[in-house]
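Architecture at a glance
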Amino acid sequence: MNLVDRLNEIRNTLPSNVKIVAVSKTKPAASIEILYREIGQRIFGENRVLELESKYKILPTDIDWHFIGHLQTNKVKNIVPFVKLVHSVDSLKLLIEINKEGIKINRCIPCLLQFHIAAEETKYGFSNDEVFRMLDDNLFHELSNISVKGVMGMATYTEDQHQIRTEFKTLFSIFNSIKSRYFAREPNFCEVSMGMSNDYQLAVEEGSTIVRIGSGIFGND
Ligand SMILES: *Cc1c(COP(=O)(O)O)cnc(C)c1O
């Protein structure tokens, strides 16, 4: 199967309300262009700022670029002019920086709060407590040029389906509790970004609205 067929097959298994981010990190612009032209894929995800910038410059302007990797504050200004969604906000400091750069160019930047739901130590993200503390802080509510649209998380890399499912359930319940406590009157707080090539079906069963799929589309090479 080629990448067009693989993406089509994944699309056909997903409910219509679930969006697919085609994770194109390390893949050539030519592959992105094939998905763009042949089956109208518009959302692509990258995890490195320089790679994202160079692809943005040469590819069609109506691609929705999502940033899914760890974002350093000193690189925020490079992507703020065009990024459609930052999935990986993991500190108030980063949110403040995104807001500051957003103000400079008069743009409101859509963001997700990344939660640490996996057992591994290495994955970035907020803990539950950190986020509630941040959302209780007035500083957060003064940020005029960010729009928090939901949450994101990565499950543990394991064969244990039960563990993965439990982690997705945890993220979904965090989403619900944040929504009811802080965003009850904001219909835009509606996204749960969870699920990758190996676990997206479980994620969708547990309430995902955005899946991020790389190797399942582009292969492992
Ligand atoms: C690479 C990556 C993905 C895609 O992973 P696959 O297993 O190749 O589908 C999804 N989310 C994040 C944050 C990633 O870095």
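See the structure printed just above.
Here the residue numbers are simple positions, counted from 1 along each chain's written sequence. For a predicted model such as this one, the threshold for reporting local features is a pLDDT of at least 70, and the threshold for listing and counting side-chain atom pairs is 80 or more; totals across whole chains, interfaces and linings nevertheless cover every residue. To get the side-chain values, take all heavy atoms of the structure and skip hydrogens and water.

The helix count covers DSSP runs of H or I at least four residues long, the strand count covers runs of E at least two residues long, and both are numbered beginning at the N terminus. Each helix and strand in the protein chain was counted, giving 10 helices and 8 strands. A globule of 221 residues ought to have a C-alpha radius of gyration of about 17 Å, and the protein chain, at 17 Å, matches this closely. Across its three principal axes, the protein chain shows a C-alpha extent of roughly 50 × 45 × 30 Å. Long-range contacts, defined here as pairs at least 24 residues apart, represent 60% of the contacts in the protein chain between residues at least 6 apart. Of the roughly 10,800 Å² of accessible surface on the protein chain, a fraction of 49% belongs to carbon and sulfur atoms. To get the radius of gyration, use the C-alpha atoms; to get the globule rule, take the number of residues to the power 0.38 and multiply by 2.2 Å. Between two residues, a contact is recorded if the distance between any of their heavy atoms is within 4.5 Å. Only the protein chains shown count as covering a residue, and every accessible area follows the Shrake-Rupley method with a 1.4 Å probe.

Once that is clear, we can look at the nonpolar core. To qualify as a nonpolar core, a set must consist of buried Ala, Val, Leu, Ile, Met, Phe, Trp, Tyr and Cys residues joined through side-chain atoms within 4.5 Å. Residue exposure (1.4 Å probe, protein chains only): buried if accessible area is under 20% of the type maximum, exposed if over 50%, otherwise partly exposed. Counting residues in each nonpolar core, the largest one holds 67 residues, and the members touching the most others are Ile98, Phe115, Ile178 and Ile217. Take this core: its biggest share by element is 7 residues, from helix α8 (residues 161–182). Counting residues in each nonpolar core, the second largest holds 8 residues, with Val23, Ile43, Leu85 and Leu112 among its members.

Let us look at the environment of Leu171. On the secondary structure map, Leu171 appears in helix α8. The spacing of Leu171 and Met154 is 17 residues in sequence and 9.2 Å in space, taken between C-alpha atoms.

Strand β6 (residues 146–153) sits mainly inside the fold: 7 of its 8 residues count as buried. Being paired, for any two strands, means DSSP has found at least two bridges between them. As judged from the 7 bridges shared by strand β5 (residues 109–115) and β6, these two strands associate in the parallel manner. Paired with Leu113 across the two strands is Val151, which belongs to β6. The pairing of β6 with strand β7 (residues 191–193) spans 3 bridges and is classified as parallel. Note that in β7 the partner of Met152 across the bridge is Ser193. With α8 bridging β6 and the parallel β7, this β-α-β connection has right-handed handedness. Crossovers are marked right-handed if the path from the first strand over the helix to the second runs clockwise, as seen with the strands pointing away from the viewer.

All quantities given are derived from atomic positions and should not be read as evidence of function.
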